[in-house]
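Per-entry structural report
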Amino acid sequence: GAVVSQHPSRVICKSGTSVKIECRSLDFQATTMFWYRQFPKQSLMLMATSNEGSKATYEQGVEKDKFLINHASLTLSTLTVTSAHPEDSSFYICSATESRGYQETQYFGPGTRLLVL
Amino acid sequence: AQTVTQSQPEMSVQEAETVTLSCTYDTSESDYYLFWYKQPPSRQMILVIRQEAYKQQNATENRFSVNFQKAAKSFSLKISDSQLGDAAMYFCAYSAGRAGGTSYGKLTFGQGTILTVHP
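These figures come from a predicted structure and were not determined experimentally.

1. As for the interface of chain B and chain A
Taken together, the contact pairs 19 residues of chain B with 22 residues of chain A. The junction of chain B with chain A conceals about 1800 Å² of combined surface from both sides, 48% of it contributed by carbon and sulfur atoms. If you sort the residues of chain B by the area they bury against chain A, Arg-43, Arg-98 and Lys-106 of chain B come out on top, with a joint share of 32%. There are one salt bridge connecting chain B and chain A. One salt bridge connects Lys-106 of chain B with Glu-59 of chain A, and the closest N-O pair in it is separated by 2.9 Å. Here chain B and chain A share eight residue pairs in polar contact (both at pLDDT 80 or more) between them. Listing elements by their share of the side of chain B that touches chain A, those giving two or more residues are strand 5 (32-39), strand 6 (46-52), strand 10 (88-96) and strand 11 (107-109) of chain B. Taken together, the residues of the side of chain B that touches chain A break down into nine nonpolar, five polar and five charged.

2. What to know about the state of the cysteines
Residues and elements named next belong to chain A. Inspection of every chain in the model, using the stated rule, returns two disulfides over all chains. Residue pairing for Cys-23: its cysteine sulfur links by disulfide to Cys-94, the two sulfurs lying 2.0 Å apart. Since a negative S-S torsion denotes a left-handed disulfide, the Cys-23-Cys-94 link at about 80° is right-handed. Of this pair, Cys-23 sits in strand 3 (residues 19-25) while Cys-94 is found in strand 9 (residues 90-100), placing the two residues 71 residues apart along the sequence.

3. Brief notes about the pairing of strand 9 of chain A
Residue and element names in this part refer to chain A. Within strand 9, nine of the eleven residues are buried, which leaves the element mostly enclosed by the surrounding structure. Where strand 4 (residues 32-38) lies against strand 9, six bridges are found, and the strand directions are antiparallel. Looking at strand 9, one finds that Trp-35 is bridged to Cys-94. Sheet topology note: the strand 9/strand 11 (residues 112-116) ladder contains three bridges and is antiparallel.

4. With respect to the nonpolar core
Core analysis: the biggest nonpolar cluster contains 26 residues, and Tyr-25, Trp-36, Phe-75, Leu-77 and Tyr-90 of chain B have the highest contact counts within it. Contributions of two or more residues to this core are made by strand 3 (19-21), strand 5, strand 6, strand 8 (64-69), strand 9 (74-79), strand 10 and strand 12 (113-118) of chain B. When residues of this core are assigned to their parent elements, the largest contribution, five residues, is made by strand 10 of chain B. Non-local contacts of Leu-77 of chain B, meaning those with residues more than four positions away in its chain, are made with Val-19, Thr-20, Leu-21, Trp-36, Val-48, Ile-49, Phe-64, Ser-65, Val-66 and Tyr-90 of chain B. Counting residues in hydrophobic clusters, the runner-up holds 24 residues, among them Val-11, Leu-79, Ala-96 and Val-116 of chain A.

Scoring rules and cut-offs
- Residues numbered from 1 in each chain as written.
- Chains lettered and ligands numbered in written order.
- Predicted model: local features only at pLDDT ≥ 70, side-chain atom pairs only at ≥ 80, totals over all residues.
- Heavy atoms only, no water.
- Contact = heavy atoms within 4.5 Å.
- Buried area = accessible area lost by both parts, 1.4 Å probe.
- Salt bridge = Lys/Arg side-chain N within 4 Å of Asp/Glu carboxyl O.
- Polar contact = N/O pair within 3.5 Å; in protein donor to acceptor, adjacent residues only side chain to side chain.
- Helix = DSSP H or I, 4+ residues; strand = E, 2+ residues; numbered from the N terminus.
- Nonpolar A, V, L, I, M, F, W, Y, C, P; charged D, E, K, R; others polar.
- Disulfide = S-S within 2.5 Å.
- Buried < 20%, exposed > 50% of the residue type's maximum accessible area, 1.4 Å probe, protein only.
- Pairing = 2+ DSSP bridges.
- Core = buried A, V, L, I, M, F, W, Y, C linked by side-chain atoms within 4.5 Å.

These figures come from the coordinates and say nothing about function on their own.
Rendered as structure tokens:
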């Protein structure tokens, strides 16, 4: 199956700093990538939809100035958590959509664990 | 808005036995997809099985099969011959089809069911 990578896998930062998370589709081009957030033992919540070459679409309640998303190429989307605070500590997961004919499949990255001190 | 409900926070099964995980959903769309994802302790999301709403035939993937009841908006997952490696959190998910416009491709997840497999 297709492979999606995320970097870093885990990051610890001080409150007030910014953190960038990269999501890459390694063996396919993804016009659409998604960013999710998952708290411990909870479900995944969609944060935003990232489309190559255009502005991201944020879900209701997600601060776009807080969570900056850039989709500069068909294989890379980045999520920047600006001025991170302890409540931003979470597990962030990206997914990338592979299109094969009519069928599209989302493949997930391994996730990034963010801890803000 | 679409909602996905998994009413079983935890389930357990003996190795080699069969277990069924429940999922119900609510939507006003006619074109949509349903999925079951597995999240093992590594937290990597793995697609187990998918079902297109327009298909009446239940999807199967080796030991995994679904019971798709469109009128009842029910989508259960049956795992046959359970193996220790099946232990994980299982998520039921919904996605609107292409007719859903901007909602197309976005996944809405249920709360998840933790599956324990006893040797």
